[in-house]
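A look at the structure
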Amino acid sequence: MIGLISATAAGAAARDRLAVAWPDRTRVYDGPVGDAVRRAFAECEQLVCFLATGAVVRLVAPLLTDKVSDPGVVCVDEGGRFAVPLLGGHAGGANELAVEVGELLGAEPVVTTATDAVGIPGLDTLGLPAEGDVAGVTRALLDGEPVALDAEVTWPLPPVPFAPEGAYTVRITDRAVAPASREVLLRPPSLVVGVGASRGAPAEEVLEVIEGALRDAGLSARSVAGLATVDAKAEEPGILEAAARLGVPVVTYSAEELAVVEVPNPSDAPLAAVGTPSVAEASALLGGGELVVPKRKSAGTPAMATCAVVRRPGRGRLAVVGLGPGARDLLTPRAKDELRRASVLVGLDQYVDQIRDLLRPGTRILESGLGAEEERARTAVAEARKGQAVALIGSGDAGVYAMASPALAEASEDIDVVGVPGVTAALAAAALLGAPLGHDHVSISLSDLHTPWEVIERRVRAAAEADIVVTFYNPRSRGRDWQLPKALSILAEHREPATPVGVVRNASRPDGTARVTTLAALDPATVDMMTVVTVGNTATRTVAGRMVTPRGYRWQEEPK
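Read on for a plain summary of the structure. A quick note: this is a predicted structure, and the numbers were derived from the prediction, not measured. (Residues numbered from 1 in each chain as written. Predicted model: local features only at pLDDT ≥ 70, side-chain atom pairs only at ≥ 80, totals over all residues. Heavy atoms only, no water.)

1. Considering the sheet that holds strand β28 (residues 546–548)
- Strand order in the open sheet made by the 3 strands is β21-β28-β27, with mixed pairing throughout. At either end of the open sheet lies a strand with only one pairing partner, and these are β21 (434–435) and β27 (541–543). (Pairing = 2+ DSSP bridges. Helix = DSSP H or I, 4+ residues; strand = E, 2+ residues; numbered from the N terminus.)

2. Focus on the pattern of salt bridges
- A full pass over the atoms with the stated rule returns 26 salt bridges.
- For R175, the salt bridge identified is with E152, shortest N-O distance 2.9 Å. Of the two residues, R175 is situated in the loop between β9 (168–172) and β10 (183–186) and E152 in the loop between β8 (147–151) and β9; the sequence distance between them amounts to 23 residues.
- Looking at R175, the relative accessible area reads 35%, which means it is partly exposed.
- Across the salt bridge formed by R311 and D174, the nearest N and O atoms sit 2.9 Å from each other. One end of the pair, R311, is in strand β15 (residues 305–311); the other, D174, is in the loop between β9 and β10, and 137 residues separate them in sequence.
- Residue classification places D174 among the buried positions, given a relative accessible area of 2%.
- Three or more residues are tied together by salt bridges with common partners; here these are E152, R171, R175 and E183. (Salt bridge = Lys/Arg side-chain N within 4 Å of Asp/Glu carboxyl O. Buried < 20%, exposed > 50% of the residue type's maximum accessible area, 1.4 Å probe, protein only.)

3. Thoughts on helix α8 (residues 237–246)
- Among the residues of α8, G238, I239, A242 and A243 are the ones counted as buried. Within α8, the buried residues cover an arc of 130° as seen down the axis, which keeps them to one side. Among the exposed residues of α8, those pointing more than 90 degrees away from its buried face are P237 and A244.
- Those residues of α8 hidden inside the fold are in contact with β11 (191–197), α7 (203–217), β12 (224–230) and β13 (250–253).
- At the C-terminal side of α8, G247 shows a positive phi close to 75°. (Arc of directions from axis to C-beta. Contact = heavy atoms within 4.5 Å.)

4. With respect to the packing of α7 against α8
- At a minimum axis distance of 8 Å, the contact between α7 and α8 shows a crossing angle of 55°. The pairing of α7 with α8 is recorded here as oblique in orientation. The handedness of the crossing between α7 and α8 is right-handed. Residues A203, E204, V206, L207 and I210 of α7 lie in contact with α8, whose contacting residues are G238, I239, E241, A242, R245 and L246.
- Of the residues belonging to the contact of α7 with α8, the class tally is 7 nonpolar, 1 polar and 3 charged. (Axes fitted to C-alpha atoms, helices over the stretch in contact; angles between N-to-C directions. Parallel < 35°, antiparallel > 145°, perpendicular 65-115°, else oblique. Left-handed = near helix turned anticlockwise from the far one by under 90°. Nonpolar A, V, L, I, M, F, W, Y, C, P; charged D, E, K, R; others polar.)

Quick look at the structure:
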């Protein structure tokens, strides 16, 4: 919950804008400002104070305990010009909150944490639990001192300027070791604990066998990614409570899935009880990995719980990112986050130029020219298989005539793939034209480089006969100048000459143009590869110069 505090009418107006925009995330604290800050500090994960920074410093200073547990605090000036993360920039999420507040209120976020100022990711913001001399090692990174990376477990990280050797070390490990001097331990979620339990097994007994297994194997509980068990135990209170105390989710599998997993210690007891000869070992092994702790029983009499521990190999991460139509304000926050998370960026050179300034220092850029889509997809997947955090970029939405399809055709189950949607060219063009996509619509690429023209023509005819609004991608190039006239002639067999047609070039960009014409008046020679052409259906009309396709067909029933 985010606590909102203000002292003046101007501050209250901005405060209320946040409250209306985030009704489920915020709580307004009224009354004397000092009392409001104290209550919010004790009850909320974050605070936004519409007060002077000096006043907030004096108010929160007596309340501070440590950077891990203190809430994040953001100050917004009375004029709403700046949003300043004052406390808990990383651990409290205040830096990200300041950016969100700034986007909503039109304020400029003023982030002063050192790592953010120079573009180096904070060691406590990498998504992995961090132990040891975080401040000292971070300071060494900022000062340009050599910091070595000791990756006992391969894990995808953002670009961090590590050196081959150094007096400071960042170690990625799931072993239960204490950090040395000048060392930070990062705990990857590399361990899966399979759990079996009799009905009514107490949480203490489940936890005892899990913690004992980890302790005896020299493994850290902070690297446990989750507990795994059979579907029949999905609601077993002891397992659920143990997972809650460990702060991890519970994943379940059917008995049929578990029964086919080869395990070293099958048993007749679980086979009779839930239909599989193994629960603990099989559920831990089902996702792959190395069995580091075979099945062991709890110490109760009789034993009511079993567990097994599997170490899964580090997996690379491939984010397929849609950049939108080109305007910076149509690049989604999620896309920006993925770009800054990536240690390797793969993309078309002109798209890389659009977002180069958003990348962290040290990001390795692999760019190429037009016509190398499959090569870029293979490169991105290969880099992810090396354990890297990779972003593969494309324009619009990466899944629409872009890079997601060739990348996913190359990717197998050995890497994690994340899709990041973007604003497509069709949507950006439609917003400029009015509302041409108000009813059923279809997008068709007229490029026959990958698809035979016979197939494209059959799809155009189907859309024409079905009276569906059509958006043409890749409508015309120097070497393909007859496909668009042919497609328009097919549509003209089923639609009136006065049917509205929208022509948008470079949608959303500074040099972009948008115009509405008709099916009869459109000159294909004015169209190129940077253009999107949207042809209305029989219900589409031009209203005040804008294309409008109604959600129903009532306009056709009304007298003209």
